[in-house]
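A closer look at the structure
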Amino acid sequence: MGGLRERFSSAGKARAMSFDPYQPPQSETQASAQSRNDGGGSRVGTLAAALLGAGVGTQLIEVAVWLTVSDPDMFDDVTSTVRTVATVLRLSGIVAFLIWSHRIISNVIGFGVRGLRYTPGAAVGYWFFPGINLVHGYRVVAEAWRASDPEDAGDDSHRWISRRADNLILHWWLAYMASRIVALVGRYDARPALWITGVVVEVVAVVLMAIVIRRLDARQRAYARELLVRSRPSAA
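The present account deals with the structure reproduced in this document. (Residues numbered from 1 in each chain as written. Predicted model: local features only at pLDDT ≥ 70, side-chain atom pairs only at ≥ 80, totals over all residues. Heavy atoms only, no water.)

Focus on the packing of aromatic side chains
Inspection of every chain in the model, using the stated rule, returns 10 aromatic pairs. On the basis of an interplanar angle of 85° and a centroid distance of 6.1 Å, the ring pair of phenylalanine 97 and tryptophan 127 is categorised as edge-to-face. Of the two residues, phenylalanine 97 sits in helix H4 (residues 72–110) while tryptophan 127 sits in the loop between helix H5 (120–125) and helix H6 (136–146), which places them 30 residues apart along the sequence. Here the two residues phenylalanine 97 and tryptophan 127 agree in accessibility, since each one is buried. Here the aromatic residues Phe97, Trp100, Trp127, Trp172, Trp173 and Tyr176 are joined through ring pairs into a cluster of three or more. (Phe/Tyr/Trp six-rings, centres within 6.5 Å; stacked < 30°, edge-to-face > 60°. Helix = DSSP H or I, 4+ residues; strand = E, 2+ residues; numbered from the N terminus. Buried < 20%, exposed > 50% of the residue type's maximum accessible area, 1.4 Å probe, protein only.)

Points about the nonpolar core
Among the nonpolar cores identified, the biggest contains 35 residues, and Phe97, Trp100, Ile104, Val141, Trp172 and Met209 are the most heavily contacted of them. For this core, the secondary structure elements donating two or more residues are helix H3 (43–68), H4, H5, H6, helix H7 (167–186) and helix H8 (192–231). Looking at this core, the element that brings in the most residues is H8, giving seven residues. Once residues lying within four places of it in the same chain are set aside, the contact partners of methionine 209 are Ala48, Ala49, Leu52, Phe97 and Trp172. Core analysis: the next-biggest nonpolar cluster, separate from the first, contains nine residues, Val113, Ala147, Ala153 and Trp160 among them. (Core = buried A, V, L, I, M, F, W, Y, C linked by side-chain atoms within 4.5 Å. Contact = heavy atoms within 4.5 Å.)

Next up, the structure:
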């Protein structure tokens, strides 16, 4: 036990203190205060959810314009502006989400977790490979979830690999893929019902994504705190 304590005291503490971006607590008082705020997400994760959510929100505006504006020229002008704004929001949100994906894998590496499938670079890069990107987002987030169980803090074994990811991650990914399929079909089928269905499915996907981000960020903060607590030598 003495060797284990020394290892947590040095390597474990270094991992927790370098934890980015959450700044784990350095005292019991700070840990208690942070534990009351576990529902919040990281800044970059929250930003990604907000930007992508706003991008989807512009589609709701477009639907409202379609329902209320009868002048074709006015409709074209308004929708053109809305789509430009939506493009900017979506691209910004995608960049923020990629940064968040990079960080959640960087975090588990910083925790000292072994046996990971992805590096931070791979977590981002594989999004740009056709075919792989059909499952990549789910795999990265699910791996970060399984590797961030606070019960495994400081455990150098590969026990985390056998853990299951939160089912909500799969629900988010299925909703996201469904929204992409509807959008693809919509390129060849201009029926309003299909368009509105796509908007609704995408809203569901973004809401689920925001919840996943908040839960995973809170889980990684809890892991960092637990790692810090276990790194302290007990008074014997």
